[in-house]
Amino acid sequence: MDASAAQTVDRLHARRVAATLPVYIATIFVSAFLLFGIQPMFAKMVLPKLGGSPGVWSVAMVFFQAVLLAGYGYAHLLVSRLSLRRAALIHLALMMTVLAISLPIHIAAGFERPPQEGEVTWLIGLFAASVGLPFFAVSANGPLLQAWFARSGHSHAADPYFLYAASNIGSFLALIAYPFVVEPLLPLAMQASAWTWSFALLLAGIAGCAGLAIGTGRMDASTPAAAAPAVPVTHAQRFGWVALAFVPSGLLVAVTAHVSTDVAAVPLLWVVPLALFLLTFVIVFQRRPILPHRWMLRLQIVLMLGVLAAFPFKSWVGWGLSLALHLGLFFVTAMVAHGELVKRRPDASRLTEFYLWMSFGGVLGGLFCGLLAPMLFNAVIEYPILVMAGLLCRPEVIAGRAKGAVKLYLVSATASVMIFLVISDWQRTDSIRSFFGINRVSETEDGRFRKLTHGTTVHGVQRLRNDDGSMVTSRPEPLSYYFTGGAIADGIDAVRRARGGRLGKVASVGVGTGSLACQIRPGEDWSFYEIDARVVSLATDPARFSFISQCAPHAPFVIGDARLTLTDAAPGSLDLIVVDAFSSDAIPIHLLTREAIGLYLSKLTPNGALLFHISNRNMDLAPVVAATAREHGLITWISQYRQTQELADQHKFLSLVAMVVRDQADLRFAAGERWRVEQGGGTRPWRDDYSDVIGAIWRKLSR
C-alpha cells in the first residue's frame, strides 16, 4: 500500500471514529424515547376497550416488565454467544420483521372485546399480539448498543457505561413529551404513524452502529472474552446489583404514592420523582459525576433527620416544604444506591449481564410497590420501609466498612423499624387501600362529622352529632357536594320536573360515601356503578356511613369500569345518568369522550339527561363537556352556584355540574337557580384517540 492510500485509509478511519460516539448517542436516545413512548400510547388505545380495572393494569405492568427483562436477556445472549457481525444480522432481521408485520402499532384483530372467562390469558394475548414484538425489539437496544460500542475501538470504549445517560434522557423526554406535546397535538393514528417512522430511523441508526463497530476490524473474535479474559462475577455481586436496583426503583413508586396521597394532589405530579430518578442515572453514570458520592452519603442522613423532625409538625409545615423534603430524601437515597451500584459495575465484557441483573432488581422493586404493597398494606408504609432500606445501601453496610458490632446494630435497628411499621399498619382501621389508592375515614376535631377522603380529595361527609353535641338519630342528610339545594341535587330535580316529578331508571357512576342514595325518591329505580369494590364496602358499612343502609338498602351495585359495565344496560332505558368521577387530580378521560357520550345517549330515553359532576381543583372541564356534547347535537348547561361560609361550616361544598340534554324541554330549572348554557367554543372535543389534559389545567390556571 503506497503512502497516499495509507493516508486515505487513515482519514476514513479517523472519520469513522469521529462519527462513532454521536451516532451511538443519537441511536440510544431514539431507542429509549420510543421504548417509553409506546407504553402511554398503547394504554390510550386500549383504555376504552378494557377500562381501568386493576386486573387489566396489573397484567399490563407485569407484561411490560417481563418483556423488558426478556429483551435484556436477548441482548445478553447475542453479546455473550455470537460475534458482533452475527449478532447485528440477527438483530437487524428482528427489527425489519417488526417494521414489516407489526407496525404501525394497533390493537390486533380478534381482540375487540374481553371474554367473560379467561380474561388474564386474553389480556396477555392482546398485549403480546399488539405490542409484544416491537417492545421486545426496542428494549434490547440499550445494553446491546453499549456492548457494541465497547468493541468499536473508540477511545472511551473500555468504559461505555456513560452512554446510559443518553438512554435515561431519552426515556424522560418521552414520558414528558406525551402528556405535554404528543397527546394534545396528535390523534392516535398520527401518533402510531410517527412512532413507525421513528422506528425506521432507529433501524437505520442500529445498522450504522453495527457498521461502525465492525469496521474497526476488532470484531473478528466470537466474543469479547476472546480479546481479554473476563473477570468472574460472583453470586454475591449479582445479589448486590439486584438489591441496589430494587430499593430506588421501589422507592420511586412509593414516594409518588406518598406525596400524592399525603402531601399534595397535583396533576402529573409523578413527573417530578420520575425526573429525579432518571437524573440520578444520568449523574452517576457520568465519567466525572457532578455530585460527588460523599456529598450524597452525608445528605442522606441530614435529610432523613429533617423529615423525621418535620413529622410531628406536619400540620404546620407547608405542603411545599414537605414536598421538597420528601423528594430531596428520595433523590439522595437513589443517588446513594445508584452510586454504589455504579461503583460495583463490571468491566465492559460483562456489561449486558450487569444490566440484566440491574433490570431484574428494578422490576422486582416496581412490582413490590405497584402490585404487592396495595394488597399487603393499608397505608403507603412501603415508603418509610424503603427509606430505611436505603440506609442498608450505604458502603458501611454493603462494603463492610463498619465494624461488626456497628454493622449489626444498623441492620438490626433498620429491621426493627420495618417490623414496627408493618405491625402498626395491620392494626389500622381508619384507611382502606386498593389498586386505586387509599381511602381514609376520619372525624372532624369537634366530632360532628365523619368524612371519606381519597388522597387529599373529600368524597363524602356524614353528620354524626348535632350542634348541641347530641347524636344524630334521624335519616342522614346528604352533605359535601350532594346537599339539597346544591347544584347536583338541583340538576336531578330539574330532570324530575321535566318528567312530571319522578324519575324511572337512573344509573349513577361513582359511589363515594353513597350520599346520593338519600336524594332518591320513592318509586325511582337507581343503580350504582363503581370501579373500586373497596369503596362499595365502605359505603355499605353502616358502622362507617349509613346513607346506603338507611336510604337505599336494596339498590344494586355494579362493580367495574362504567365504560364497560354500562354497555349491559338496556338501550333507551335510563331517564338519567349521573357521572361523578372527575373530582380527583387524575381523571378517567375515557368517561368524557365523544364515544363515551355516544354510549350514554344510547342508554337514555328520548328525553333523558346526563349529569356530569366536574368539580376539580386543577382542571376546567366545562368547555370539554360542552364541546364534546355538541358533537352529538346536545345542549350543555353549567351551574353557577357560589360557596358561602355558612355552607362551608356545615360541610356543604360548592360543586360544578354540567347538565347535557337533547332539547331544552328536557330540563326544567326552578326559579332562582343559576345555570347558563355553555358552548365550549375554542375547545376541541375529546375523543378516544384525542384529549388535552394540559389544556384543561391551563384554563383553570388562567381563570
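Chemist: Sorry if this is basic, but what is going on with the overall build of the protein chain here?
Modeler: The secondary structure content of the protein chain amounts to 23 helices and twelve strands. Whereas a compact globule of 703 residues would reach a radius of gyration of roughly 27 Å, the protein chain reaches 29 Å, a difference of no more than 12%. The long-range share in the protein chain, meaning contacts at least 24 apart out of those at least 6 apart in sequence, stands at 78%. As displayed, the protein chain has an accessible area near 30,000 Å², and 63% of this comes from carbon and sulfur atoms. Considering the protein chain, the positive charge centre built from 58 side chains and the negative charge centre built from 46 side chains are found 8 Å apart.

Chemist: Is there a simple way to think about the layout of surface pockets in this case?
Modeler: The gaps of empty space that remain are located by a probe, the size of a water molecule, rolled over the atoms. Estimates place the volume of the second largest pocket at around 600 Å³. Put simply, the parts of the chain that give the lining of the second largest pocket at least two residues each are β4 (457–463), α21 (622–630) and β10 (635–639). Across the lining of the second largest pocket, the residue classes tally to eleven nonpolar, eight polar and eight charged.

Chemist: What exactly am I supposed to notice about the pattern of salt bridges here?
Modeler: Where charged atoms from two side chains of opposite charge approach closely, those side chains can pair. Inspection of every chain in the model, using the stated rule, returns 24 salt bridges. Measuring nitrogen to oxygen at the nearest pair gives 3.3 Å for the salt bridge that ties R463 to D467. On the accessibility criterion, R463 (14% relative accessible area) is buried. Of the charged contacts, one joins R676 and E678 as a salt bridge, the two residues approaching to 2.5 Å between their closest N and O atoms.

Chemist: Teacher, can you tell me more about the packing of aromatic side chains here?
Modeler: The description of an aromatic ring pair rests on the distance of the ring centres and on the angle between the ring planes. Under the criterion given, the structure shown has 32 aromatic pairs. Here the basic side chain of R287 rests over the ring of F162, its NZ or CZ set 4.4 Å away from the ring centre. It is R684 that lies over the ring of Y690; its NZ or CZ is 3.8 Å from the centre.

Chemist: Any chance you could explain the sheet that holds strand β1 (residues 431–434) here in plain terms?
Modeler: Within a sheet, adjacent strands bond to each other through the backbone by hydrogen bonds, running parallel or antiparallel. Strands sit in the order β1-β2-β3-β4 across an open sheet of four strands; the sheet is antiparallel. In the strand order of this sheet, the two ends are held by β1 and β4, each with one partner. When strand polarity is set aside, the average angle formed by the axes of neighbouring strands in this sheet is 15°.

Chemist: It is not clear to me how the state of the cysteines should be interpreted in this structure. Could you clarify?
Modeler: Linking two cysteines covalently through their sulfur atoms gives a disulfide. Enumeration according to the criterion identifies one disulfide in this entry. Each sulfur of the disulfide joining C518 and C551 lies 2.0 Å from the other. The S-S bond linking C518 to C551 shows a torsion near 80°; that makes this disulfide right-handed. Of the two residues, C518 sits in the loop between β5 (505–509) and β6 (525–530) while C551 sits in helix α18 (residues 547–551), which places them 33 residues apart along the sequence. The pair C518 / C551 is uniform in exposure class, with both members buried.

Definitions and cut-offs
Numbers given for residues are sequential positions, taken from 1 along each chain in its written order. Predicted model: local features are reported for residues with pLDDT of at least 70 only, side-chain atom pairs are reported and counted for 80 or more only, and whole-chain, interface and lining totals are derived from all residues. The basis for every side-chain value is the complete set of non-hydrogen atoms in the structure, without hydrogens or water. Strands here mean DSSP runs of E at least two residues long; helices mean DSSP runs of H or I at least four residues long; both are numbered from the N terminus. Here the globule rule is a power law, 2.2 Å times the number of residues to the power 0.38, and the radius of gyration is based on C-alpha atoms. The contact criterion used is simple: two residues touch if any of their non-hydrogen atoms lie within 4.5 Å. Only the protein chains shown count as cover for residues, and the accessible areas themselves come from Shrake-Rupley with a 1.4 Å probe. Positive: Lys, Arg. Negative: Asp, Glu. His and the chain ends are not part of the count. Positions of charges follow a simple convention, taking NZ of Lys, CZ of Arg, CG of Asp or CD of Glu. Cavities and pockets are found on a 1 Å grid laid over the protein atoms alone: a cavity is a set of points where a 1.4 Å probe fits but cannot escape, a pocket is an open set with protein on both sides within 12 Å along at least five of seven lines, and a lining residue has an atom within 4 Å of such a point. Grid points are joined across faces, edges and corners, and a volume is the space filled by probe spheres set on the points. Residues are grouped as follows: Ala, Val, Leu, Ile, Met, Phe, Trp, Tyr, Cys and Pro are nonpolar; Asp, Glu, Lys and Arg are charged; all remaining types, including Gly, are polar. Should a side-chain nitrogen of Lys or Arg be within 4 Å of a carboxyl oxygen of Asp or Glu, the pair is scored as a salt bridge. Burial classification: accessible surface area is computed with a 1.4 Å probe over protein chains only, and a residue below 20% of its type maximum counts as buried, one above 50% as exposed, and the rest as partly exposed. For Phe, Tyr and Trp, where Trp contributes only its six-membered ring, two rings pair if their centres lie within 6.5 Å, and the inter-plane angle classes them as stacked under 30 degrees, edge-to-face over 60, or tilted in between. Any Lys NZ or Arg CZ found within 6 Å of a ring centre and within 35 degrees of that ring's normal is scored as a charge over the ring. Strand pairing is assigned whenever DSSP detects at least two bridges linking the two strands. Working convention: axes come from line fits to C-alpha atoms, limited for helices to the stretch in contact. Angles between N-to-C directions cover 0 to 180 degrees. Cysteine sulfurs are considered disulfide-paired once they come within 2.5 Å of each other.

Honestly, it's all geometry; don't read function into it.
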